[in-house]
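The residues making up each chain are set out below.
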Amino acid sequence: MINPSNGMISTSSSAANAQSPGLKTYFKTPEGRYKLHYEKTHPSGLLHYAHGKTVTQVTLANLKDKPAPSTPPAPASSFSASSGVRSAAARLLGAGNGSRALGFVGGNGGSKSLSGSSRIGSLGASSSSTSMINTNFDGKGTYIIFNVGDAIFISDLNSQDKDPIKSIHFSNSNPVCHAFDQDAKDGHDLLVGLNSGDVYSVSLRQQLQDVGKKLVGAHHYNKDGSVNNSRCTSIAWVPGGDGSFVVAHADGNLYVYEKASLHYQQNKDGAGDSSFPVIKDQTQFSVAHARYSKSNPIARWHICQGPINSIAFSTDGTYLATVGRDGILLSLYRLFLTFNSLYELKFFVQSRLSTSFRLFKRTTYLRWKKLLWCAIMLCLENFKGVFDNKVPLNSMDGKYILTGGEDDLVQVWSMEDRKVVAWGEGHNSWVSGVAFDSYWSSPNSDGTGETIMYRFGSVGQDTRLLLWDLEMDEIVVPLRRGPPGGSPTFSTGSQSAHWDNVCPVGTLQPAPSMRDVPKLSPLVAHRIHTEPLSGLIFTQESVLTVCREGHIKIWMRPGFAESPSGNSETLLSTSSKEKPLLSNKIGSSSYRQ
Amino acid sequence: MEISIMAKSISSKLEKALGDQFPEGERYFGLENFGNTCYCNSVLQALYFCVPFREQLLDYYANNKNIGDAEENLLTCLADLFSQKKKTGVIAPKRFVQRLKKQNELFRSYMHQDAHEFLNFLLNELVDILEKEAQSAKSDPETSSPNEKIANGPKNPQPNGIRKEPLVTWVHKNFQGILTNETKCLRCETVTARDETFFDLSLDIEQNSSITSCLKNFSSTETLNAEDKFFCDKCCSLQEAQKRMKIKKPPHILVIHLKRFKYIEQLGRYKKLSYRVVFPLELKLSNTVEDADIEYSLFAVVVHVGSGPNHGHYVSLVKSHNHWLFFDDENVEMIDESAVQTFFGSAQEYSSNTDHGYILFYESLGASNKS
C-alpha cells in the first residue's frame, strides 16, 4: 500500500514553479503522492487590507448543469441570452484585466454594454481558450469562493489560472464568511456575511454573468447592523430548510432567517427588520422570536457570552453544532440541539433543550469542559457529498464530529456517546481547520470488517497539513491506545504498523480525564504554505488548502494525479496563448485602487 | 502645564469611550516617558493591572509604613506610584525611575533597555526588601512580624539543593512557581531531581508556533552529550544524560517571556526574532508534574515595537474589567479584544509588522480540574 519513495522529482506539475523556497510541490501519504496541481490567489496589493483583520475562508460552489445553454438561467432576469462567447467575455473581463474591462465599459458610455464587451472579449481570446471557457459557468462548473480584505473572489476550480475570474468589492465592510447551497430553489444560492454584521444572499450565476465589481441582485439583511452590529463569524444554509439560513455573530448570538422571497418583502428602509427583546443574562442560553411576524430574521438564539467561532449542520439538518470561545459546556450541549425544521424549532426548542440538558447533566460532560473551551473550529461530516452529489466510498455516517482549537489539538467527538473518543496531537500551533475526507476509502475496507476507518485532515497556524486515520469499532473502540505514559504509540515513521492493524484493542471506559482517551498521532504532517492556514476542503480529486492571507493550493490525489497532468499540459499550451491577454501583471495592477 | 492639558484630553476621551462602564474605583493613567523609559512604563502598567499584586503591595505598604519610615526604596516608590488617586490622565513616575537608576547602573543610561530584565530586577529587588524588613522585624523582639514566620524547624532548608528560600513573601505567592529538573545519567540511570524556583518562564520560540507548543518544547527531553555532558555524582565523571524540565508548582501569576532577542553567532550580535507565536486568551498548562491541567487567563502583554534588539519601543496591552486597553507611555486607549491577535508576530521574516508580544502575563483561573 505504501508508495515507495524513490526521490522522483515531480517535474510535470505545472503549478509548481512559483513555489516558495523550502516548500515541496507534493506530499507523501501511504497511498501515494498528493501533487500540487493549481494555485489560486487574489491579485497582489490587497494584502495589507487583510493583515490581521480578516481571515480567508473558502467555499466550494458547484453550479449544476443547466438543461440547455439557450435557456436563460432563472435568476438572471435582466440577462437576455447566454452563450459561450458571452461567458468568455465576462470571464476574461472579470479576470486578470479588470481595468481594461472598466475602460471598455466607460467607452460605451456606461450603457448596457454587455454585448460590446463580449465581442471584445471574444476577439481577444484565442479559440482554444474560448473552448475551454465554454465548459464553464453557464453549464456545469465548480467554483472556489474566497474572501480577502474587502472583496469576495471567485475562481474556477478546474482552470490553471491563478487569478480569480471575478471579484466583488464591498464598500461598507469586509466579507468574512460565506456559504453556498447548490439546491437552492429560488436561485439565491450564495450567502455572504460581513464584518459589520450585514448579510447578503445572491445568485452565484448572476454574479458570474455580471461584469461589474459589485454584488448584483442581492437581498440585504441586517442592513448596517440594524439587528446586530457585531461581526458575522459563520453562516450556513439549513439543509433541507427551504431557503432558510442561520448566521452566527461575534457577540454570541445566532439568527435564523427565513427564505427571503417567500416570507420577506425586501424593505429598502430596513423597516422590515426584526427587533428582539434585550438579553437579560448574557451567560444564559435563550431563544427569542422577532416581535413582528413578517420580519426577518425570525429568531435569535443567544448561545454564549463570547464569540461563536463556528457553526455546522449535520447533513440532514438534524443537528446544529456550535463552538464558541467561552462555550465551555454550553457548546457541547449546543452540539446536540435538534433543528429538524424551523417551524418545529419554534415550538419545540424549549422542551428539546431541557431534555438534552437533563441528559447532559446525567452524563460526564462536565469533565469535558476543559477540552472544549478553546475550540475554535468545527466541522460536521458532509456525508451527502458536497461535491457532485456523489455518495462517498467511505461511510460518512454522521457519527463523529471533529473539532480543533487553541490548544493545538484535534478532537473526535462521538454523537452517540456525546463525548470525546479520541484526540490528536501533532500541530505546533492552533488548529484552524478540520474535515473528514469522505472520498477516501480504507485500503482494507471490503465491507466485511468490523471496524470503520475514517480519514480526516487538519490544518493549523503552524502552516502545516496533517492527515489522520481513525479506526472505529461499532462499539467505539478506538485503536492506537497510548501506553500508560501517554506518549504516542505510532510515530509518523511507523505508519505502516497500524495500516494493517484492523483489530481493536481494549474497550473504552468512561474516561475521567483526557489522559485516558486514546491519543492519535498524525499519519503525515507537511508544511505546505508559508502563511498560517485557515481551512481545508476534500473533493473527490483533490484536497484544497487555504491560508489566512488568501492563497489556495489544490493538491491532486494520488489516483488522479496522472490523468489531470495530461490535461494540464494541454491547459498549459492554451495558457501560453492566453498569457499575453491575461498577464498577471496587468491583473494585479488593475485591482489596486 | 502641557502634560496636564494633554492629560485632560486623554482622560475625557477614555472616560467618554467607557461611559457608564467605567469600572468603579479603577484608574487608567498614562505614564510619562523620561527618555527611553518605556521598558519601565510598559512593565509597570502590566504589574498595576495584576490586581492581586497591586492589592497586596498596597496592603503591605499601608501596614508597614512605619518600618522603613526614613528609607525610600523601590518598594515604597512603587507603592506610592500605585496608590495615586487620579482616575485618568498622566502620571510622571519620576521618583520611581530615579530610584531605579540609583539602585542599578544598568538602567542608568538613556539606552534602550530590556523590559524583561527590568521586570526580573524589580521582582527580585522587592523580595530582597521584604526579606530585609522581615529580618529586622524579627531581630527586634518588640515588633511582631506581619509576614509569615521563617519556615524553620522540621523542614530541612536544603532538600535537593533548593535555593535558600526561607521566607514566602506576597511576591512569591503571586509569581513564584517551582520547576523540577530531572536528569537521568545514561550510564548508571540514576535520576537526579533538582527543584528550581522561578518568577517567569523564558521560552525559546519557533516560527509559526503557539505558546502551548513552546511550553511543550521547554519540557521536552533533551540529551546532554558531547560538549555538554552532565557530571554524574554517582559515576563521578562527565556522562551523557537526558534532561527534562517540568512544572512542579505552577505559579498563580504565570509570566512568560518569549526569547525574541537571540544571539546569532554568525552575525556576532543579537537579532530580534519576529516569529509569529500565537498566545491564547485562555491558556491550558499541561506540562505539569501533576496530572491536572491548570487554566490561565491572559491579562497583560508587554509588546516590543521595532525590528532590532537595541532600539524600538515598548507598549502594553492590559485587560481590566473585561475591557482591553492599550498603554503607550502617556497614551491610554481602549481596544477591541480582537486587536490582541495583531501582536502575535510575523508569519514571514520580512514584514512591515514590528509589534510583537514579548512578555505575557497570565492569571490562574483557580482550582484545577481534579477529575
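- The name an unreviewed UniProt entry gives chain B is ubiquitinyl hydrolase 1, with Xanthoceras sorbifolium as the organism.
- What UniProt states about chain B under its Catalytic activity (unreviewed entry) heading is, verbatim, "Thiol-dependent hydrolysis of ester, thioester, amide, peptide and isopeptide bonds formed by the C-terminal Gly of ubiquitin (a 76-residue protein attached to proteins as an intracellular targeting signal)."

- Where an unreviewed UniProt entry is consulted, chain A appears under the name Dystrophia myotonica WD repeat-containing protein, with the organism given as Xanthoceras sorbifolium.

### So, the sheet that holds strand E4 (residues 191-198) of chain B
Residue and element names in this part refer to chain B.
Move 1: Reading across from one edge, E4-E3-E10-E7 is the order of the four strands in this open sheet, with antiparallel pairing throughout. If you trace the sheet from one side to the other, it starts and ends with E4 and strand E7 (222-224), each paired once. Between one strand axis and the next, the sheet turns by 30° as a mean value, whatever way the strands run.
Move 2: As paired elements, E7 and strand E10 (residues 241-249) share three bridges and run antiparallel to each other. Note on E10: the bridge partner recorded for Glu222 is Lys243.

### Some remarks on helix H6 (residues 115-139) of chain B
Move 1: In a regular helix each residue adds 1.5 Å, so 25 residues correspond to 36 Å; H6(B) covers 36 Å between its end C-alpha atoms and thus fits that length.
Move 2: Residue Asp114(B) occupies the N-cap position of H6(B), its side-chain oxygen lying 2.7 Å from the main-chain nitrogen of His116(B).

### With respect to the pairing of E10(B)
Move 1: Pairing of strand E3 (residues 177-185) of chain B with E10(B), which is carried by eight bridges, proceeds in the antiparallel orientation. Paired with Lys184(B) across the bridge in E10(B) is Gln242(B).

### Some details on the packing of aromatic side chains
The geometry of an aromatic ring pair comes down to the distance between the two centres and the angle between the two planes.
Move 1: All told, the structure shown has 33 aromatic pairs over all chains when counted by the stated rule.
Move 2: Seen in terms of ring centroids, Tyr48(B) and Phe82(B) are 5.0 Å apart; in terms of plane orientation they differ by 85°. Their pairing is edge-to-face. Taken as a pair, Tyr48(B) in helix H2 (residues 38-48) and Phe82(B) in helix H4 (residues 74-82) lie far apart in primary sequence, 34 residues in all.
Move 3: Classification of Tyr48(B) by relative accessible area gives buried; the value is 2%.
Move 4: Among the residues examined, Phe82(B) registers a relative accessible area of 3% and is labelled buried.
Move 5: Among the aromatic side chains, those forming a connected cluster through ring pairs are Phe22(B), Tyr28(B), Phe29(B), Tyr48(B), Phe49(B), Phe82(B) and Phe327(B).
Move 6: Sitting over the face of the ring of Tyr26(A), Arg33(A) holds its NZ or CZ atom 4.1 Å from the ring centroid.
Move 7: If you follow Arg54(B) out to its NZ or CZ, it ends over the ring of Tyr48(B), 3.9 Å from the centre.

### Here we look at unusual backbone geometry
Move 1: You will see that Asp408(A), though not glycine, has its phi angle at about 70°, which is positive.
Move 2: Secondary-structure assignment places Asp408(A) in the loop between strand E20 (400-405) and strand E21 (409-414).

### Observations regarding the sheet that holds strand E28 (residues 533-538) of chain A
Residue and element names in this part refer to chain A.
Move 1: Spatially, the five strands line up as an open sheet ordered E1-E2-E30-E29-E28, and their pairing is antiparallel. For this open sheet the edge positions go to strand E1 (26-29) and E28, each flanked by a neighbour on one side alone. Looking at each pair of strands side by side, their axes are set apart by 25° on average, direction ignored.
Move 2: Relative to strand E2 (residues 32-40), E1 is paired through four bridges, and the arrangement is antiparallel.

What counts and how
- Residues numbered from 1 in each chain as written.
- Chains lettered and ligands numbered in written order.
- Predicted model: local features only at pLDDT ≥ 70, side-chain atom pairs only at ≥ 80, totals over all residues.
- Heavy atoms only, no water.
- UniProt positions renumbered as here; feature names shortened; annotations may be inferred.
- Pairing = 2+ DSSP bridges.
- Helix = DSSP H or I, 4+ residues; strand = E, 2+ residues; numbered from the N terminus.
- Axes fitted to C-alpha atoms, helices over the stretch in contact; angles between N-to-C directions.
- Expected span 1.5 Å × (residues − 1).
- Polar contact = N/O pair within 3.5 Å; in protein donor to acceptor, adjacent residues only side chain to side chain.
- Phe/Tyr/Trp six-rings, centres within 6.5 Å; stacked < 30°, edge-to-face > 60°.
- Buried < 20%, exposed > 50% of the residue type's maximum accessible area, 1.4 Å probe, protein only.
- Lys NZ or Arg CZ within 6 Å of the ring centre and 35° of its normal.

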